2 protein chains.
Amino acid sequence: MKTLRVNMDRLEVKWESVLPEYERLGGRALIAKILLTEIPPQCEPLGPDNKLIFAPGLLAGLPSLTSAGRLSVGGKSPLTQGIKEANAGGMAGDKLGHLGLKAIVVEGQPTEGGLYLLHVTAQGASLLPADQLSGLGNYETVARLQERFGQDVAIVSIGPAGEMGLAGAGVAVTDDLTKQPGRQAARGGLGAVMGSKRLKALVIDDADAPPLPLSDESLFRRSAKRFARELIESPKTGKEGSMHRFGTVAVMGPVNEIGALPTRNFSAGQFEGFENICATRMREVTLARGGQIGVRCMAGCVIRCCNVFVDEQGETIVSTLQYETLGLLGSNLGIDSLDDIARLNRVCNDLGVDSIEMGASLGLAMEADLAQFGDAKSAMALLEQVKEGTVLGRVLGNGAAVTGRVLGLERIPVARGQAFPAYDPRALKGNGVTYATSAMGADHTAGNTIGARKTIDPLGCEGQAELSRGLQRVAAMLDMTGLCLFARPPVVADPQLMVDLINGRYGWGWTVKSLEQAEDDVLRTEREFNRRAGFTEAHDRLPEAFSREPLPPHNTVFDVPDAELDSVFSAL
Amino acid sequence: MKTLRVNMDRLEVKWESVLPEYERLGGRALIAKILLTEIPPQCEPLGPDNKLIFAPGLLAGLPSLTSAGRLSVGGKSPLTQGIKEANAGGMAGDKLGHLGLKAIVVEGQPTEGGLYLLHVTAQGASLLPADQLSGLGNYETVARLQERFGQDVAIVSIGPAGEMGLAGAGVAVTDDLTKQPGRQAARGGLGAVMGSKRLKALVIDDADAPPLPLSDESLFRRSAKRFARELIESPKTGKEGSMHRFGTVAVMGPVNEIGALPTRNFSAGQFEGFENICATRMREVTLARGGQIGVRCMAGCVIRCCNVFVDEQGETIVSTLQYETLGLLGSNLGIDSLDDIARLNRVCNDLGVDSIEMGASLGLAMEADLAQFGDAKSAMALLEQVKEGTVLGRVLGNGAAVTGRVLGLERIPVARGQAFPAYDPRALKGNGVTYATSAMGADHTAGNTIGARKTIDPLGCEGQAELSRGLQRVAAMLDMTGLCLFARPPVVADPQLMVDLINGRYGWGWTVKSLEQAEDDVLRTEREFNRRAGFTEAHDRLPEAFSREPLPPHNTVFDVPDAELDSVFSAL
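Report on the accompanying structure. These numbers come from a predicted model, not from an experiment. (Residues numbered from 1 in each chain as written. Chains lettered and ligands numbered in written order. Predicted model: local features only at pLDDT ≥ 70, side-chain atom pairs only at ≥ 80, totals over all residues. Heavy atoms only, no water.)

In this section: the packing of aromatic side chains. Under the definition given, this model contains 14 aromatic pairs over all chains. Ring centres of F420 of chain A and F546 of chain A lie 5.0 Å apart, and the angle between their planes is 65 degrees; this geometry places the pair in the edge-to-face category. Of this pair, F420 of chain A sits in the loop between β17 (418–419) and α17 (429–437) while F546 of chain A sits in helix α22 (residues 545–548), and the two are 126 residues apart along the sequence. Here F420 of chain A falls in the buried class, since its relative accessible area comes to 0%. Each ring, one from Y323 of chain B and one from Y423 of chain B, has its centre 5.5 Å from the other, and the planes form 55 degrees; the classification is tilted. With Y323 of chain B in helix α11 (residues 323–330) and Y423 of chain B in the loop between β17 (418–419) and α17 (429–437), the pair connects residues that are 100 residues apart, well separated along the chain. (Phe/Tyr/Trp six-rings, centres within 6.5 Å; stacked < 30°, edge-to-face > 60°. Helix = DSSP H or I, 4+ residues; strand = E, 2+ residues; numbered from the N terminus. Buried < 20%, exposed > 50% of the residue type's maximum accessible area, 1.4 Å probe, protein only.)

See the structure below:
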């Protein structure tokens, strides 16, 4: 396997054999290690010393394995000022894996202007001028690149928000079905890091790459088959399961029921318009209009949780419409029209901003009367400001923490400078623990406790730290291997299955203990990076307002004791 | 002596005897101790758990002692998120001292709306409604309060910026000559903390207060007399001295000469318009127009460094026009008209924003083409936005760090989130050490090395850490006793003189060693507060751009090694 080093100072690409210390790492684990080893943790995220890393997981690029092609993107975050890994489904992870690429590491910054794209094939890689794409949205960018390079390439790109250096900018990835840039490694402003490197897009073509070698083909194929079978036969991920039938939106019912659905800038936890945007409604509307439900983002995925949301004329608005977006751009803005939310989502995707971060910013703007709760037009007008790069637009695009500070608000839903996803931590306290303690800031994918609501009271403090710690480990395992969160049940139920997949592929002779060790290493490495960057336990806290202001309808506050929060990592 | 506790939750005032652990502390030292003891260091600066403290120095309120009436204001800073003490001359410090007040500690926040003023006399204190002052500038606020309470009271107030909660808001103090709110405890956003407590003003009336007791009257009077004589006879602070003849502006020549004068958003260190705004020019213009030079801000001051700057008709524009303002609102904006700078200064004073912070914000706005360097009208238009509370105005008013981040700039002149005063750290590296390491962020008053430029090369790294450490100690001594920086030479030359003054007043039997111990305690207590608030050595650094981008004309960068920076406190 190889690493591709892209030097933006000299506009050179260089193939490197993988350093021994990076060899057994993939995805998020590799990103953590490279960042801790190679960049000054105190560097400015948009300065020349930061690096932007694209790393598929350890199990990417194998057509016989389902749901393992997520692409990890990483760097020091301009939003949190800490370490960041964000990942996305779509085509890119598997294609990079298939090319035998451990990582693409983008370094430096061009001293002159200009915008570039990186073309990667089995024959080599080259930086090409991309000035003609300057300022284009992700959809048009992708359309032009597909015209030039064909439909079968994976495209990773940024929109105007990334070019503008907005800290809410994400990195878009095309999906396998619609070939549109609807998947986003959205969180933490990595799109701005890409923009600071003057890199508009990656075009990844694995057409001529040979199949990847397998160390123990029989073990690998047996394990991959069992993995797929268990997913297909599961009542959750199988054909009749909620994940296939509803996708991520399936979770909205439970979240609303426990009173944790962000509503009007996190001022309430149940939304009166819930019925209009819930999972069953989205499915009904989509199918009635000729949209699609149960489509894949990665080739060969057996779960197929995605949807293609269309308008009344059957024209695609966005694919895929997801729970976090419905929460942040929907209930959090008091908007209960799926069409309106889908249109806001498309504009966010096109601009290349995180729909979670932007939804939180817009909620704050509404709280400050710059737009009206429930009024999608006024929300759209604010997105227009972001597009135009006005001062207000730049405030919003720089995320919820900056927006809340500029507007002088108190209830600012952020941890470590990053907006809360669609679970209010006062009613789902385990997620509050994750937001507060994860090196990533408020990421639901870093350790989402909603699935444990029936065994551990989401409104209580008891057991939340341990719950979060365990789920943070699981997240690390998934993010280092490239597995989708939805595909976790078989490997969580039997970690030996994950070990067999890794050993089948690489022959490392891992045990379950090695795997657990690897998980803990990821979490510790990230935390060590943040420690060197200047973070302490004082930052492992949520904003005061969430401990003070009770959340209707249960009127609870976030009251997990500091000592409990501190125990998450001290007991690791 | 007593402490006045003002509870804004219950709108109650309470007199308290001074706690034993606070007894030997004054001004900045007392503030540091109270904040570390009484507030959660991680609290939100504009939330109910922060406290706002007004504390005169140990030697305030004694008519026989000159230049010792500076008022310290303190709290957790909304600008730096760390501990903050800012002090100002004017009438308030001496009057509080004369009233036997160790400190006024303002706690909590009203749950309902409403604005209040605190009236303090020798008979007692009361909170009075002040809704009629809502939104008024400092000048009109003071005029109305003088109409009601007379000209002899001291007034401490905030303008609209403080009411709006802008992190660049300061606290204004009336001076002894013009009785105008031209003195500001400007730095760190304490005006916003005052606004968050809904406290518009303090009115301090010491008319009926008896003289303060002296423990050893003869020692005190002898020492005070010697202190005054040395100041009067000094070639620097005496009648023919530059401090009396030019005030703080005297320093502009040396700063421009060494190439450290902020010019056009810190892009150069010498200003081509220097001759038009320098000390001699200001003196000439002021005297020719019938303005005043050599006036006092505190009663009985023998140095009298202030000026009353007037327009061509002889009408007062502002008093006093100071060096930092000329640097930040002048050369830093490319503006070389004293009239223009004085008018911008007056608007800042009236709004109640720090002219340093605002000058840095405006410089960044000019860099981003929201106004033009050299064009005072466009700068004034931006101040108008602050006044109106537009989004752009709120960005600017929240300070340089937020402004630079929102506008996507690289060269953002801040340390710990607070704007650099008028000494570029690349050409006066000792000040860079102070900016980086002081718990206060970039305060020139925390340890200004300009006076040492002839003994220690300001462009070199050698000796800067030690120099800064020594000056930070001196600053602590001055700020705990209420002495003006300009009055330091006699007590720096002979610390026993300071010890005699303290022993004459209190009879504590201090030695020079006790005094040095007290200085170090201040610095350590402040640093400990910040440590608990989440600061580490990673924060003791200047922004990358200042280490990367050479400063004309000497083309040096800030390159004091990290280990040197860390030695400032490790060797304390």
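We are not done yet, so read on.
Attention now moves to the interface of chain A and chain B. With 31 residues of chain A at the interface, the matching set in chain B holds 31 residues. Across the chain A-chain B interface, the total number found is zero salt bridges. Inspection of the region where chain A meets chain B yields six residue pairs in polar contact (both at pLDDT 80 or more). Contributions of two or more residues to the side of chain A that touches chain B are made by α15 (391–397), α16 (400–407), α21 (512–533) and α22 of chain A. (Contact = heavy atoms within 4.5 Å. Salt bridge = Lys/Arg side-chain N within 4 Å of Asp/Glu carboxyl O. Polar contact = N/O pair within 3.5 Å; in protein donor to acceptor, adjacent residues only side chain to side chain.)

Residues and elements named next belong to chain A. Contact pair helix α18 (residues 464–481) / α21: the axes reach a minimum separation of 9 Å and the direction vectors enclose 100 degrees. Relative to α21, the element α18 is oriented roughly perpendicular. Judged by residue contacts, Q472, R473, A476, M477 and M480 of α18 engage L515, A518, E519, D520, V522 and L523 from α21. Class assignment for the residues of the contact of α18 with α21 results in seven nonpolar, one polar and three charged. (Axes fitted to C-alpha atoms, helices over the stretch in contact; angles between N-to-C directions. Parallel < 35°, antiparallel > 145°, perpendicular 65-115°, else oblique. Nonpolar A, V, L, I, M, F, W, Y, C, P; charged D, E, K, R; others polar.)

A separate point is helix α12 (residues 338–351) of chain B. Residue and element names in this part refer to chain B. The first and last C-alpha atoms of α12 sit 20 Å apart over 14 residues, in line with the 20 Å expected at 1.5 Å per residue. Within the sequence span of α12, burial applies to L338, D339, I341, A342, L344, N345, C348, N349 and L351. Looking one or two residues past α12, G352 carries a phi angle of roughly 80 degrees, positive in sign. (Expected span 1.5 Å × (residues − 1).)

All names here are of chain A. In spatial order, the strands read β8-β7-β12-β9-β10-β11; together these six strands make up an open sheet with mixed pairing. Pairing within the sheet leaves two strands with one partner each, and these edge strands are β8 (125–129) and β11 (183–185). Here the average twist between neighbouring strands, direction ignored, is 20 degrees. Across two bridges, strand β9 (residues 154–157) lies against strand β10 (residues 171–173) in antiparallel orientation. Bridging from a neighbouring strand, S157 pairs with A172 of β10. Sheet contacts for helix α3 (residues 138–149): β7 (116–120), β8, β9, β10, β11 and β12 (199–204); angle to β9, the most-contacted strand, approximately 145 degrees. (Pairing = 2+ DSSP bridges.)

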